[in-house]
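Coordinate inspection notes
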Amino acid sequence: INTQRRNITDFIYGLISVILCRAAYKKPDTRKEPLVSVLLVSYNRPEMVKEAIESVFNQTYQNFELIILDDNSNEETRRVIDQYLKNPKVRVYKSEVRDEDRWKMARYAVLINVGLEMAKGELISYLCDDDYYLPQRLEKMVKFLNEHPGVRVCYGRQLRLPVNKLRKPDRVLKKPRGFVDASSVMHYKSCVDELGNWDDVYYIPGADGPFWNKIGAKYPFYPIMEALDVRREHADSLTAKM
Ligand code: UDP
Ligand code: MG
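Worth saying up front: this structure is predicted, and the values here are computed from it rather than measured.

What counts and how
- Residues numbered from 1 in each chain as written.
- Chains lettered and ligands numbered in written order.
- Predicted model: local features only at pLDDT ≥ 70, side-chain atom pairs only at ≥ 80, totals over all residues.
- Heavy atoms only, no water.
- Core = buried A, V, L, I, M, F, W, Y, C linked by side-chain atoms within 4.5 Å.
- Buried < 20%, exposed > 50% of the residue type's maximum accessible area, 1.4 Å probe, protein only.
- Helix = DSSP H or I, 4+ residues; strand = E, 2+ residues; numbered from the N terminus.
- Contact = heavy atoms within 4.5 Å.
- Lys, Arg positive; Asp, Glu negative; His and termini not counted.
- Salt bridge = Lys/Arg side-chain N within 4 Å of Asp/Glu carboxyl O.
- Donors = N, O, S within 2.8 Å, 3.2 Å for Na, K, Ca; no water.
- 1 Å grid on protein atoms, 1.4 Å probe; cavity = no way out; pocket = protein on both sides within 12 Å on 5 of 7 lines; lining within 4 Å.
- Points joined across faces, edges and corners; volume = space filled by probe spheres on them.
- Nonpolar A, V, L, I, M, F, W, Y, C, P; charged D, E, K, R; others polar.
- Patch = residues over 30% accessible without salt bridge, like charges linked within 9 Å, V, L, I, M, F, W, Y side chains within 5 Å.
- Areas by Shrake-Rupley, 256 points an atom, 1.4 Å probe, with all protein chains shown as cover.
- Pairing = 2+ DSSP bridges.
- Near = heavy atom within 4 Å.
- Polar contact = N/O pair within 3.5 Å; in protein donor to acceptor, adjacent residues only side chain to side chain.
- Sits in = over half its atoms within 2 Å of the grid points.
- Axes fitted to C-alpha atoms, helices over the stretch in contact; angles between N-to-C directions.
- Parallel < 35°, antiparallel > 145°, perpendicular 65-115°, else oblique.
- Left-handed = near helix turned anticlockwise from the far one by under 90°.
- Disulfide = S-S within 2.5 Å.

Let us now look at the nonpolar core. In this structure, Leu 66, Tyr 126 and Trp 198 are the most contacted members of the largest nonpolar core, which totals 60 residues. It is helix 4 (residues 107-118) that provides the largest number of residues to this core, a total of six residues. Leu 66 has contacts with Val 38, Leu 40, Ile 53, Val 56, Phe 57, Lys 89, Val 90 and Arg 91, leaving out every residue within four places of it along the chain.

With that out of the way, let us pick up the side chain of Arg 167. Turning to its location among the elements, Arg 167 is positioned in the loop between strand 7 (165-166) and strand 8 (185-188). For the buried Arg 167, no salt bridge exists, and the shortest N-O distance to an oppositely charged side chain is 4.6 Å, to Asp 181.

What follows concerns the coordination of the magnesium ion (ligand 2). Here the magnesium ion (ligand 2) is held by Asp 130 (OD) and Asp 130 (OD), and the distances to it run 2.3 to 2.4 Å. Residue position: Asp 130 is located in the loop between strand 4 (123-128) and strand 5 (131-133).

Let us look at the layout of surface pockets. Of the voids in this model, the largest pocket is the one considered here, and its volume is about 970 Å³. Contributing to the lining of the largest pocket are 42 residues, with Tyr 108, Cys 128, Ser 237, Leu 238 and Thr 239 lying nearest its centre. Contributions of two or more residues to the lining of the largest pocket are made by strand 1 (36-42), helix 4, strand 4, helix 7 (208-218), strand 9 (221-232) and helix 8 (238-241). Along the lines of polarity and charge, the residues of the lining of the largest pocket split into 20 nonpolar, seven polar and 15 charged.

Nonpolar side chains collect at one region of the surface, where Ile 8, Phe 11, Ile 12, Tyr 13, Leu 15, Ile 16, Ile 19 and Leu 20 lie side by side and expose about 850 Å² of accessible area between them. Since its relative accessible area comes to 45%, Leu 15 is described here as partly exposed.

Turning to the pairing of strand 4, a few remarks are in order. Most of strand 4 sits inside the fold, with five of its six residues counted as buried. Where strand 1 meets strand 4, six bridges bridge the pair, whose relative direction is parallel. Paired with Val 38 across the strands is Ser 125, a residue of strand 4. Two elements, strand 4 and strand 8, share three bridges in a ladder whose sense is antiparallel. The partner of Ile 124 across the bridge, within strand 8, is His 187.

We now examine empty space enclosed by the protein. Scanning the entire structure with this criterion turns up one cavity of 30 Å³ or more. Taken together, Tyr 155, Gly 156, Arg 157, Gln 158, Arg 167, Lys 168, Pro 169, Phe 179, Val 180, Asp 181 and Ser 184 make up the full set of residues lining the largest cavity. Taken together, the residues of the lining of the largest cavity sort by class into four nonpolar, three polar and four charged.

Right, let's talk about the pattern of salt bridges for a bit. Enumeration over the complete set of coordinates arrives at 22 salt bridges. The shortest N-O distance in the salt bridge between Arg 79 and Glu 75 comes to 3.8 Å. Linking Arg 79 with Glu 75, this pair stays in helix 3 (residues 75-82), spanning four residues, or about one helical turn. On the basis of relative accessibility, which here comes to 47%, the residue Glu 75 falls in the partly exposed class.

Contacts to ligand 1 come from 16 residues, most closely from Arg 45, Asp 71, Asp 129, Leu 238 and Thr 239. Measuring from an oxygen atom of ligand 1, one finds a backbone N or O atom of Tyr 43 at 3.1 Å. Relative to its unbound accessible surface of 530 Å², ligand 1 loses 92% to contact with the protein. Judged by its atoms lying within 2 Å of the grid points, ligand 1 is housed in the largest pocket. If you list the elements that add at least two residues to the shell around ligand 1, you get strand 1, helix 4 and helix 8. Taken together, the residues of the shell around ligand 1 sort by class into six nonpolar, three polar and seven charged.

Here we come to the packing of helix 2 (residues 46-57) against helix 3. At a closest axis distance of 9 Å, the pairing of helix 2 and helix 3 adopts a crossing angle of 20°. Classified by the interaxial angle, the pair formed by helix 2 and helix 3 is roughly parallel. Like other packed secondary-structure pairs, helix 2 and helix 3 cross with a definite hand, here right-handed. Residue-level contacts link Pro 46, Glu 47, Val 49 and Lys 50 of helix 2 to Glu 76, Thr 77 and Val 80 of helix 3.

Scanning the entire structure with this criterion turns up zero disulfides. Sulfur of Cys 154: no disulfide; nearest cysteine sulfur belongs to Cys 191 and is 11 Å away. We classify Cys 154 as buried; its relative accessible area is 0%.

As structure tokens, this is what we get:
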């Protein structure tokens, strides 16, 4: 009877390990084409926002929705954005912030939180109006995430203009605060559902930092060693003004 019982136990253990091994070696599904929600934050940069929008339309990966979050911009900027209203891939949110309230909060964080509520994609990707994507930004990131099923967040190496240098770093980050720029990041929406949104909206100089560290502590940021977006550094940016 003892041998019989041992045989049964062995058989059950064997079965469990086969199941566990199969799960561990499960091939990643590299053909998946998840919907990407691109959250574009815009304020008073009519020419640049047009370039940012066009850089999304020029992507080699086309399964995206573009959510334009405009922070009560001037007439000229609104006219540019309105040209895209009829596009089925585009949704627009216009804030009604008053100028006297503008500097009380990190406006982009407030808008991104609205965008996260609106987003229908399995993946979230960010873009600022003075930055733009290189054509393979979405394709390469989706491919990377498909090939690495355990990874929830990735970032590319940003090309900074006019210095014409690639942004560092290029390693796995658990504390990405200060090291990554929103326009270079893509993550699963599930991270936000689980850990919450950009909660530090009163932290004006770098409201993205606390969010990155919150997510990074559980889901490290994985680098893609290629420039996939371009950041313009100019006197008219929040960083320069702070
Ligand atoms: N922004 C905004 N409302 C404002 C000012 C800025 O939504 O009142 C947005 C702006 O459109 C941009 C983001 O905040 O997408 C970051 O601003 P900026 O590019 O000036 O800062 P940077 O990060 O480049 O220093
Ligand atoms: Mg900027």
